[in-house]
Amino acid sequence: MFKLKESFLTLLLFTGLAIALSLIISPAFAARVNHCPQEMVMIPGGTFTMGADNSGYLEEPSAQEVKVSSFCIDKYEVTNAQFAAFVKATGYVTVAERPLPKEHFPDLSDEQRLPGSLVFEIAQPEAKWLSWWHWKIGANWQHPFGRESALAQSAAGIANQDNYPVVHIAYEDALAYAQWAGKSLPTEAQWEYAARGGLDNATYAWGNQYSEKKANTWQGIFPFFNTKSDNYAGIAPVGSFSPNGYGLYDMTGNVWEWTADRFRSGHNHKTHTLNPTGPEQSFDPNKPTEKALHVIKGGSYLCAPNYCSRFRPAARESQAPDTGTTHIGFRLVINLTTERIKNEV
């Protein structure tokens, strides 16, 4: 009888200890308790510092403390195989696969309005600013470099690249996929909080020291030569680099990722808010004539220390919603409620 009572008291002690630990458990550890669908990670709600005051980029200050509720986020960027399943199920045609509308481009010939998208190519030393971007007829998610590109990999399109992130995705395309998948695009706050992996105020997702081995970025002098010291000259298969503290892959580099927020410089309107979202109207002083710009995050394989340098959680860029490129993809989230968590335990 005494031993039974002793065992019961021991059980109570360990139970109490477990409860106490659950109250002080770190967000990174808590994320492992997953109430999310397969291939998604639960990000426990919390407070973090959004933005940066010392990066030198005018669109990132001022850093503000904000709160986010718990949510699920894709462990990887959406892949070619996943997007192909969506297209097969729905018959969806991406923006890059549609002719440019004549009412929007009345000065272009029928040939110039053929479906296509923007493709990056290595530049020559005398190249003019941004001349490394080329409009390629036939470039789309199935043929990232165009059907008639000199690049060997484009001849077969995305054959044998099921596990690569899908690209040439316009904002409309990402929304359509999200609706089909029963998910949504992350807000910028959700994306940045998840990208930090529990390291609040750190410069990079892994700490404060840049490393060319931690993510798929550009090594060398952009856009003229890439030393490929990270073993990749272009896009890498998802999960090729170590995950962050939440177990998320490629939140840095590889391809830029769409968010739901419209773009304006800074974060002043978000201070001390819960689940902040972007402004109703977008504006980028560098693109004053473009409307409905959205925030993209994470940088890409084209970001180098000498150019872009946006392979940081706080970094952000604006992107027109009707434009996809060879370095823009996406991942999705599911917003969690207390009731949903209870039901899934």
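Calculation notes
All residue numbers refer to position in the chain's written sequence, counted from 1. For this predicted model, a pLDDT threshold of at least 70 governs which residues receive local features, and a threshold of 80 or more governs which side-chain atom pairs are given and counted, while totals over whole chains, interfaces and linings are taken from all residues. The side-chain numbers reported here are obtained from all heavy atoms of the structure, hydrogens and water having been left aside. Disulfide assignment relies on a single distance test, namely cysteine sulfur atoms paired within 2.5 Å. Numbered from the N terminus, helices here are DSSP runs of H or I no shorter than four residues, and strands are runs of E no shorter than two. Note on exposure labels: buried denotes an accessible area under 20% of the residue type's maximum, exposed denotes more than 50%, and partly exposed covers the range between, all computed with a 1.4 Å probe on protein chains only. Any two residues having at least one pair of non-hydrogen atoms within 4.5 Å are treated as being in contact. Working definition: the arc comes from the directions between the helix axis and the C-beta atoms, pointing outward to the latter. Confidence of the predictor in every single residue is expressed as pLDDT, which spans 0 to 100. For this analysis, a salt bridge means a side-chain nitrogen from Lys or Arg found within 4 Å of a carboxyl oxygen belonging to Asp or Glu.

Draft legend 1. Spatial organisation of the state of the cysteines. Tallied over the full model, the rule gives two disulfides. Residue C36 pairs covalently with C72 via a disulfide, S to S 2.0 Å. Between C36 and C72 the disulfide shows an S-S torsion of about -85°. By sign, it is left-handed. Remark: C72 occurs in strand β4 (residues 71–74) and C36 occurs in the loop between α2 (27–30) and β1 (40–43); sequence separation between them is 36 residues. Judged by its relative accessible area of 0%, C72 falls in the buried class. Across the disulfide, C303 is cross-linked to C308 (sulfur-sulfur distance 2.2 Å). Comparing C303 with C308 shows no difference in burial state: the two are buried. The connectivity of the disulfide-linked cysteines in the chain, indexed sequentially, is 1-2, 3-4.

Draft legend 2. Spotlight on the environment of I137. Checked against the element boundaries, I137 lands in strand β6 (residues 133–137). Classification of I137 by relative accessible area gives partly exposed; the value is 42%. When the C-alpha positions of I137 and A96 are compared, they lie 9.2 Å apart, and in sequence the two are 41 residues distant. Aside from chain neighbours lying at most four places away, what touches I137 is E111, L114, P115, G116, G146 and R147.

Draft legend 3. Structural view of helix α3 (residues 80–90). Residues N80, F83, F86 and V87 constitute the buried set of α3. On an axial view of α3, the arc spanned by its buried residues comes to 125°, and they lie on one face. More than 90 degrees from the buried face of α3, the exposed residues found are K88 and A89. Structurally, α3 contributes buried residues whose contacts are with α5 (171–181).

Draft legend 4. Fine view of the confidence of the model for the chain. Within the chain, residue pLDDT values average 87, and 85% of them lie at 70 or more. In this model residues 338–345 is a low-confidence stretch, pLDDT under 50, and it forms eight contacts with partners more than four residues away in sequence or in other chains.

Draft legend 5. Spatial organisation of the pattern of salt bridges. Following the criterion strictly, the structure yields twelve salt bridges and no others. The partner of E59 in a salt bridge is R310, with the nearest N and O atoms 2.7 Å apart. Taken together, the residues E59 in the loop between β2 (46–50) and β3 (64–68) and R310 in the loop between β10 (294–297) and β11 (317–319) connect sequence positions 251 residues apart. E59 gets classed as buried once you look at its relative accessible area, which sits at 10%. The partner of E188 in a salt bridge is K297, and the shortest N-O contact between them spans 3.3 Å. Highlighted residues: E188 in helix α6 (residues 188–196) and K297 in strand β10, separated in sequence by 109 residues. In this structure K297 comes out as buried when scored by relative accessible area, which is 0%.

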